[in-house]
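Close look at the chain arrangement
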Amino acid sequence: AAHLPPTLIIHTDADTIIPIDQAYQLEAALRAADVPVEVFYYRDVSHYLQIGEDMTEAGQQMFGLVMEFVERYTRQ
């Protein structure tokens, strides 16, 4: 994991395709390698946060976090 850039992990415990434990393992590996990592774990929302007109509260929060993360790591 040490070769990875700053990483933002977004995952839900309701994902039936990729278990959230895999996100926890990736987070732990990144932290152990001193890679900057930020996480947004949310509950009881499907993999799709209804981005658009029907955006959920979790989707709004996630969108803001993504924008802040990108801004923080792309400043010149």
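Provided above is the structure to which this section pertains.
Here's what I pulled together on the structure shown here. (Residues numbered from 1 in each chain as written. Predicted model: local features only at pLDDT ≥ 70, side-chain atom pairs only at ≥ 80, totals over all residues. Heavy atoms only, no water.)

Some points on unusual backbone geometry
It is generally the case that most residues other than glycine have a negative phi and that most peptide bonds are trans. Despite not being glycine, Asp34 has its phi angle at roughly 60°, a positive value. Its place among the elements puts Asp34 in the loop between α1 (20-32) and β2 (37-42). (Helix = DSSP H or I, 4+ residues; strand = E, 2+ residues; numbered from the N terminus.)

So, the nonpolar core
The tendency in soluble globular proteins is for nonpolar side chains to be buried side by side. Judged by nonpolar contacts, Ile9, Ile20, Ala23, Leu30, Val35 and Val37 together constitute the single largest core of 6 residues. Contacts of Val35, omitting those with residues within four sequence positions, involve Ala1, Ala2, Leu4, Pro5, Pro6, Thr7 and Leu30. (Core = buried A, V, L, I, M, F, W, Y, C linked by side-chain atoms within 4.5 Å. Buried < 20%, exposed > 50% of the residue type's maximum accessible area, 1.4 Å probe, protein only. Contact = heavy atoms within 4.5 Å.)

Comments concerning helix α2 (residues 57-74)
Two residues of an α-helix separated by three or four positions point the same way, owing to the 3.6 residues in each turn. The end-to-end C-alpha distance of α2 is 26 Å, a good match for the 26 Å that 18 residues give at a rise of 1.5 Å each. All buried positions along α2 are accounted for by Ala58, Gly59, Met62 and Phe69. Each buried residue of α2 lies within a common arc of 95° when the element is viewed along its axis, so the set occupies one face. For α2, the secondary structure elements touched by its buried residues are β1 (7-12) and β2. (Expected span 1.5 Å × (residues − 1). Arc of directions from axis to C-beta.)

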